[in-house]
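Residues per chain are reported as follows:
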Amino acid sequence: MPRTPFSRLRAMLILLPVLLLTGCSKSMDWGFPEGVSSVNDASLSLWQGAWIAAGVVGVFTLILILWPAVFHRGKKDGPEFPKQTQYNVPVEIAYTIIPFIIVAVLFFYTIERQNIITEKTDTYAHEITVEGFQWSWQFGYPEAGEKAVVTGSPTQPPTLVVPLGERVRYTITSNDVVHGFWIPAFMIQMQNLPGVTNEIEFTANKLGEFPGRCNILCGRNHSQMLFTVKVVTPAEYDAYLETLKGSKA
Ligand SMILES: [Cu+2]
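Computed from a prediction, not measured in an experiment: that's the story for all the values here. (Residues numbered from 1 in each chain as written. Predicted model: local features only at pLDDT ≥ 70, side-chain atom pairs only at ≥ 80, totals over all residues. Heavy atoms only, no water.)

1. Here we look at the coordination of the copper ion
Protein coordination of the copper ion is provided by H179 (ND1), C214 (SG), C218 (SG) and M225 (SD), with donor distances spanning 2.1 to 2.4 Å. Geometry at the copper ion is tetrahedral, judged from its 4 donor atoms and the angles of 91 to 125 degrees they form at the metal. Written as a sequence motif, the donor residues of the copper ion are H-x34-C-x3-C-x6-M. Of this pair, C214 sits in strand β9 (residues 208–214) while M225 sits in the loop between β9 and β10 (226–232), and the two are 11 residues apart along the sequence. (Donors = N, O, S within 2.8 Å, 3.2 Å for Na, K, Ca; no water. Tetrahedral: all angles 85-135°; square planar, octahedral: opposite > 155°, others 65-115°. Helix = DSSP H or I, 4+ residues; strand = E, 2+ residues; numbered from the N terminus.)

2. Re the side chain of R169
Checked against the element boundaries, R169 lands in strand β5 (residues 167–174). Judged by relative accessible area, which is 12%, R169 ranks as buried. Separated by 2.9 Å, the side chains of R169 and E201 make a polar contact. Discounting chain neighbours no more than four positions away, the residues touching R169 are K120, T121, Y124, H126, E127, I128, E199, I200 and E201. (Buried < 20%, exposed > 50% of the residue type's maximum accessible area, 1.4 Å probe, protein only. Polar contact = N/O pair within 3.5 Å; in protein donor to acceptor, adjacent residues only side chain to side chain. Contact = heavy atoms within 4.5 Å.)

3. A word on the pattern of salt bridges
For the coordinates displayed, the defined rule picks out 6 salt bridges. We note a salt bridge from E112 to R113, for which the minimum N-O separation is 3.3 Å. With a shortest N-O distance of 3.3 Å, E199 and K120 are connected by a salt bridge. Taken as a pair, E199 in strand β8 (residues 198–203) and K120 in the loop between α3 (89–117) and β1 (126–133) lie far apart in primary sequence, 79 residues in all. (Salt bridge = Lys/Arg side-chain N within 4 Å of Asp/Glu carboxyl O.)

4. A closer look at a nonpolar patch on the surface
A cluster of nonpolar residues, Y87, V89, I93, I97, F100, I101, V105, F108 and Y109, forms a patch on the protein surface that exposes about 930 Å² of accessible area. Its place among the elements puts Y87 in the loop between α2 (38–71) and α3. The class for Y87 is exposed, based on a relative accessible area of 57%. (Patch = residues over 30% accessible without salt bridge, like charges linked within 9 Å, V, L, I, M, F, W, Y side chains within 5 Å. Areas by Shrake-Rupley, 256 points an atom, 1.4 Å probe, with all protein chains shown as cover.)

5. Side note on the sheet that holds β10
The strand order across the open sheet formed by 5 strands is β4-β10-β9-β6-β7, and the pairing between neighbours is mixed. Of all the strands in the sheet, just β4 (159–163) and β7 (188–192) have a single pairing partner and so form its edges. Going from strand to strand, the sheet's axes swing by 25 degrees on average, the running direction of each strand aside. (Pairing = 2+ DSSP bridges. Axes fitted to C-alpha atoms, helices over the stretch in contact; angles between N-to-C directions.)

6. Side note on unusual backbone geometry
Of note, the bond from Q134 into W135 is cis; its omega dihedral lies within 30 degrees of zero at 0 degrees. With respect to the helices and strands, W135 occurs in the loop between β1 and β2 (136–140). A positive phi angle is found at M187, which is not glycine, with a value near 55 degrees. Its relative accessible area of 17% is what places M187 among the buried residues.

7. Brief notes about the layout of surface pockets
One number sums up the size of the largest pocket: a volume of about 350 Å³. Those elements that provide at least two residues to the lining of the largest pocket are α2, α3 and β7. For the lining of the largest pocket, a count of residues per class yields 11 nonpolar, 5 polar and 1 charged. Reported here for the second largest pocket is a volume of approximately 210 Å³. (1 Å grid on protein atoms, 1.4 Å probe; cavity = no way out; pocket = protein on both sides within 12 Å on 5 of 7 lines; lining within 4 Å. Points joined across faces, edges and corners; volume = space filled by probe spheres on them. Nonpolar A, V, L, I, M, F, W, Y, C, P; charged D, E, K, R; others polar.)

Given below as structure tokens:
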């Protein structure tokens, strides 16, 4: 049987609920897990709100497109062209002001959350350095001495050990090209720039292991710039710093 547009539409309508149901049964995190890091607390609702706003605009726009296509079709015995309108001042004012309001609201909340995420304090508990290089990472723990560094390689991705519930200041640098320090579950991304020192402070709020990646295309083996973030209890973190002192210093 030849495939008609109708049979294709029917297949899509049957598949749609299946896709929606499997999407929901896996987890109800709505995009990102909640409460994993202090950054999630600030950005998750902004991320969700931006998608809801985009959805509302999308549905409204779709209605505006489909409405005339369905209800104002050309009639067989009607005129060749519909009534031609050169301009409509109220409509033009509306579609200038409405997008401006949408952008202004998104801008306001983005700046508000960005100020929370990038805030630097004097009360952080630990310091960790994050250096990107082609093509892996070097994590340093200055509290355990200058030589307390963990260096990865494409074949042996390093582990970034961080303490649970304690604020850490990360110093982010690069020794060659631009890299992107990215922990998806933590909703954190900050670039490693050659010649520039970036800093970000955050708290990891959930025990466990989380994947980390480089998200700036930085060369041939960019895709192998992987690392693991391991969140441990503060006591385990102190013990880890001790092992770094013992083996490297
Ligand atoms: Cu990279």
